[in-house]
Amino acid sequence: LLITTRDASVAAGTGATEHIADVLSEGDAHSVLAKWSGVADAPEAAALIQECGRLPLAIAMIGAMLRGKPEKYWARVVTLLREADLEKIRAQFPDYPHHDLFRAMEVGVAALDETTRARYLRLAVALEDMVIAPMVQRTLWGTDEGEALDMAEMLIGLSLAERAGEGIRLHDLQLDYLRARWPERDALRLIHGAVRLSMHVLVEDPAQFASQMVGRLLVYRDKPGVAKFVHEI
């Protein structure tokens, strides 16, 4: 039985043998960066890999952001990574050791235009391992089918989401980052509860996302964060 978790106490509690998924080797890190950026031997590659802490997800996100960009922009991204507010990130994620990942996410999300950034942050309402179906995307983003498809493909291309059938899915650490950016954490907790209670319906019919959320959250409509979410969807 293989258990994957970020909680080290699980191994002790189950008597399991612990295997740490370590960071990439220098060579593998260069390979991942080359794959996502499309550049085999960029002059700033070593600096970018160092700033990303040799974490595969961080390197993939930065590499995807740099694909097709001029050489001078690579140096600019190195600067942005170094200038990211690491103390603020540590305060938001005190229990996570690899703050370089969230620093890479901070830079990647900041590079999005304002509309795309706002739509990406709305995905914080998703649960871990949840496939965000196209109809749920359209409801969260207030878009038509074509625009939602374009947005999903953009996020996949930037390694900010992964393809999951017809929908998309976010890595747990990406969800952690988005949740930390959500303005009202108590409201988000209630929204997650509503999503969790609705999953048996949404798996069969994602088009019921809006009605399920509205129906389950009406009892909390006196809370501004919940009222705003319900109004928007």
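Residues numbered from 1 in each chain as written. Predicted model: local features only at pLDDT ≥ 70, side-chain atom pairs only at ≥ 80, totals over all residues. Heavy atoms only, no water.

### Observations concerning the overall build of the protein chain
Looking only at helices and strands, the protein chain features 14 helices and two strands. The C-alpha radius of gyration of the protein chain comes to 19 Å, within 12% of the 17 Å expected for a compact globule of 233 residues. For the protein chain, the C-alpha atoms occupy an extent of roughly 55 × 50 × 35 Å along the three principal directions. Here the protein chain holds 233 residues, and the buried ones make up 41% of them. (Helix = DSSP H or I, 4+ residues; strand = E, 2+ residues; numbered from the N terminus. Rg over C-alpha atoms; globule rule 2.2 N^0.38 Å. Buried < 20%, exposed > 50% of the residue type's maximum accessible area, 1.4 Å probe, protein only.)

### Looking at empty space enclosed by the protein
Across all of its chains, the model carries one cavity of 30 Å³ or more by this definition. Roughly 30 Å³ of internal volume is contained in the largest cavity. The biggest single contributor to the lining of the largest cavity is helix α2 (residues 26–37), with three residues. Considering only residue class, the lining of the largest cavity consists of seven nonpolar, one polar and one charged. (1 Å grid on protein atoms, 1.4 Å probe; cavity = no way out; pocket = protein on both sides within 12 Å on 5 of 7 lines; lining within 4 Å. Points joined across faces, edges and corners; volume = space filled by probe spheres on them. Nonpolar A, V, L, I, M, F, W, Y, C, P; charged D, E, K, R; others polar.)

### Remarks on helix α14 (residues 224–232)
Along α14, the positions that sit buried rather than exposed are Gly225, Val226, Phe229 and Val230. For α14, the buried positions fall inside an angular range of 130° around the axis, keeping them on one side. What points out from α14, more than 90 degrees from its buried face, is the exposed set Pro224, Lys228 and His231. On the buried face of α14, the contacting elements are α9 (134–141), α12 (185–202) and α13 (209–217). (Arc of directions from axis to C-beta. Contact = heavy atoms within 4.5 Å.)

### Re the environment of Ala187
Tracing the chain through its elements places Ala187 in helix α12. Measuring from C-alpha to C-alpha, the distance between Ala187 and Lys228 comes to 9.7 Å, with 41 residues separating the pair along the chain. Not counting residues within four places of it along the chain, the set of residues in contact with Ala187 comprises Gly225 and Val226.

### Points about the nonpolar core
By size, the foremost hydrophobic cluster in this structure holds 69 residues, and its most contacted members are Ile62, Tyr120, Leu123 and Leu217. No other element matches α12, which puts seven residues into this core. For Ile62, the residues in contact, after removing those within four places along its chain, are Leu48, Cys52, Val77, Leu81, Ala104 and Val107. (Core = buried A, V, L, I, M, F, W, Y, C linked by side-chain atoms within 4.5 Å.)

### Things to note about the side chain of Thr139
Positionally, Thr139 belongs in helix α9. Assessed through its relative accessible area of 12%, Thr139 is described here as buried. Setting aside anything within four residues of it in sequence, one finds Thr139 in contact with Phe209, Ala210 and Ile233.

### Notes on the confidence of the model for the protein chain
Here the protein chain shows a mean pLDDT of 90. Residues at 70 or above account for 97%. Of all the helices and strands in the protein chain, helix α6 (residues 86–92) carries the lowest mean pLDDT, 69, while strand β2 (residues 167–169) carries the highest, 97. (pLDDT = per-residue confidence, 0-100.)

### Some remarks on the packing of α9 against helix α10 (residues 145–157)
A pair of packed helices is captured by two measures, namely the crossing angle of their axes and the spacing between those axes. Between α9 and α10, whose axes approach to 9 Å, the crossing angle comes to 100°. With respect to each other, α9 and α10 are oriented roughly perpendicular. Between α9 and α10, the residues in contact are Gln137, Arg138 and Trp141 and Glu145, Ala148, Met151, Ala152 and Leu155, respectively. Of the residues that constitute the contact of α9 with α10, the class distribution is five nonpolar, one polar and two charged. (Axes fitted to C-alpha atoms, helices over the stretch in contact; angles between N-to-C directions. Parallel < 35°, antiparallel > 145°, perpendicular 65-115°, else oblique.)

### Brief notes about the layout of surface pockets
For the second largest pocket, the calculated volume is near 280 Å³. If you trace the second largest pocket, you find 15 residues lining it, with Arg122, Trp182, Pro183, Lys228 and Glu232 closest to the centre. Sorting the residues of the lining of the second largest pocket by element identifies α8 (114–122), α11 (172–181) and α14 as the ones contributing at least two each. By residue class, the composition of the lining of the second largest pocket is nine nonpolar, one polar and five charged.

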